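The lines below spell out each chain.
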Amino acid sequence: MEQTRMISPMFKQIDPPQRFLMGPGPINAHPRVLRAMSADMLGQFDPEMTEYMNETMALYRQVFMTQNQWTFLVDGTARAGIEAALVSLVEPGAKILIVRAGRFGLLLSEIAERIGAEICTLDLPWGEVASLEQIEAALQEHKPQVLACIHGDTSTTMAQPLDGVGALCKKYNVLSYADVTATLGGVPVCTDQWGIDVISGGLQKCMGGPPGSAPMTISDRAAEHIMARRHVEAGIRSASLTDGLRPRIPSNYFDLAMVMDYWSEKRLNHHTEATTMLYGAREAACIVLEEGLENRFARHKMASTALIAGLRAMGLTIFGDDAHRMANVTGVWIPASVDGDKVRMRMRDDFGIEIGTAFGPLTGKIWRIGTMGYNAVKHKVLLTLGALEAALAAEGFKPPRGAAVDAAMASWP
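Calculation notes
For every chain, the first residue of its written sequence is number 1, and the numbers climb from 1 along that sequence. Per-residue local features of the predicted model are confined to residues with pLDDT of at least 70, and side-chain atom pairs are confined, for both listing and counting, to 80 or more; whole-chain, interface and lining totals are unaffected and use all residues. Only hydrogens and water are set aside when side-chain values are computed; all heavy atoms of the structure are taken into account. What makes two strands pair is DSSP finding at least two bridges between them. The secondary structure listing takes helices from DSSP runs of H or I that are at least 4 residues long and strands from runs of E that are at least 2 residues long, numbered from the N terminus. Orienting the strands away from the viewer, one traces the path from the first strand over the helix to the second; a clockwise path indicates a right-handed crossover. We call a residue buried when its accessible area falls under 20% of the maximum for its residue type, exposed when it is over 50%, and partly exposed in between, using a 1.4 Å probe and counting protein chains only. Note on definitions: salt bridges are taken to be side-chain nitrogens of Lys or Arg within 4 Å of carboxyl oxygens of Asp or Glu. Think of a 1 Å grid over the protein atoms and nothing else: a 1.4 Å probe that fits but is trapped marks a cavity, an open set flanked by protein within 12 Å on at least five of seven lines marks a pocket, and residues with an atom within 4 Å of a point count as lining. Grid points are joined across faces, edges and corners, and a volume is the space filled by probe spheres set on the points. For this classification, the nonpolar set comprises Ala, Val, Leu, Ile, Met, Phe, Trp, Tyr, Cys and Pro, the charged set comprises Asp, Glu, Lys and Arg, and every other residue, Gly included, is treated as polar.

(A) Summary view of the pairing of strand β4 (residues 118-123). By the bridge criterion, 6 bridges tie strand β3 (residues 95-100) to β4 in an arrangement that is parallel. Along β4, the bridge assignment pairs valine 99 with leucine 122. For the crossover from β3 across helix α4 (residues 103-115) to β4, the handedness is right-handed.

(B) Representation of unusual backbone geometry in the model. A cis amide bond links glycine 25 to the next residue, proline 26, at an omega of 5 degrees. Within the element layout of this structure, proline 26 appears in the loop between β1 (20-21) and α1 (31-36). Positive phi is not limited to glycine here, since lysine 143 has a value of about 50 degrees. Within the fold, lysine 143 resides in the loop between α5 (132-142) and β5 (146-150). A residue is classified by how much of its surface remains accessible, and lysine 143, at 63% relative accessible area, is exposed. With phi around 65 degrees, threonine 157 is a residue other than glycine that occupies positive phi space. Assessed through its relative accessible area of 0%, threonine 157 is described here as buried.

(C) Expanded view of the pattern of salt bridges. What the rule picks out here adds up to 19 salt bridges. The salt bridge involving arginine 299 is made with glutamate 291; its shortest N-O contact spans 2.7 Å. Three or more residues are tied together by salt bridges with common partners; here these are Arg32, Glu283 and Glu290.

(D) Region of interest: the layout of surface pockets. One number sums up the size of the largest pocket: a volume of about 450 Å³. If you trace the largest pocket, you find 26 residues lining it, with Ala159, Lys301, Arg325, Met326 and Ala327 closest to the centre. Listed by contribution, the elements that provide at least two residues to the lining of the largest pocket are α7 (191-194) and α11 (293-313). Counting residues per element, the lining of the largest pocket draws most heavily on α11, at 6 residues. Among the residues making up the lining of the largest pocket, the classes are represented as 12 nonpolar, 9 polar and 5 charged. Approximately 320 Å³ is the volume attributed to the second largest pocket. Around the second largest pocket, the lining is made up of 20 residues, and of these Ala78, Phe104, Thr181, Gln204 and Lys205 lie nearest the centre. For the lining of the second largest pocket, the secondary-structure elements that each account for two or more residues are α3 (78-89) and α4. Considered class by class, the residues forming the lining of the second largest pocket number 9 nonpolar, 6 polar and 5 charged.

Printed below as a string of structure tokens:
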């Protein structure tokens, strides 16, 4: 019988089209980050490699505006950081109180349910935020082990105020967690001021990197709780590492107790560090700090303000409350006479610019436009507005021509 020959198809070299990613994320990575990620591999316990790890921890303490010793990277996209935080904080059967006002609050529930937690919720309409009074009332009612919330929910383009939340949680002996994937590096993430116990983020939005690494910071209080759940796997156990007395963390990869030992001087061989992602995360933090946090926050606010001025000059209506709007992602109502997907397609095909659609109750009702990281600059905002104006006109909506760009330019100092 003649052996069947398997002929592999010939694929072209990867050469993606050049686009401005002006949606809710990911955004275009900074060229310096991409160059850093092309550097050669090192062994995970090479002294140069462990020094890069130490430098990365020091850099992200500044980015998170914290003195927390436990500030490091979780290998994986931003969702890996969320899952690592929740699976390591919330014990099976324990109560978790989740603030839900958009898609990503619902994601917290999804993850907590899989952990086996008892889920309690503070539910709000999409586009609203919780007050301290509402949060305190929910803490009093449910008496959870952990409170979890989203700082900036890109599904609604609203930012949940967090000042005072950590103090409330300490008052009721509750551990606190916040996801800052959409805000880290673009708006203040005041870890120590807020008193939040565990915060995790991502690179692919304001940090100006690619998805694949989740920066995280952990308070001493939370670290003590996590280490009380430590269970070191048999193949790397030593006499100096003892198990905790609380229930074991039910994930091996996302076991923050072992990950923390890996990043500590113990250098526990928990996993092989994602070297290329560490290079990128380190460079992204360097870029943020070279610009200066206050300058960076001001640039993101400036870009968002200019975008909104341009959108309003076109006769479009901005979604949500100005008081709680994210400074890096803007929601805009799609005119009733317009097919939103056709406008997005025209922007992509004719101008090489991507803006975002929406989820849940906002599906087909709003566009989401991001001004983040490497893309939070004047010319990209102006090009996006000009392209949107042309795409709207082609679909039958007639904005005053040139008004959007003029308004945005006028708003830029």
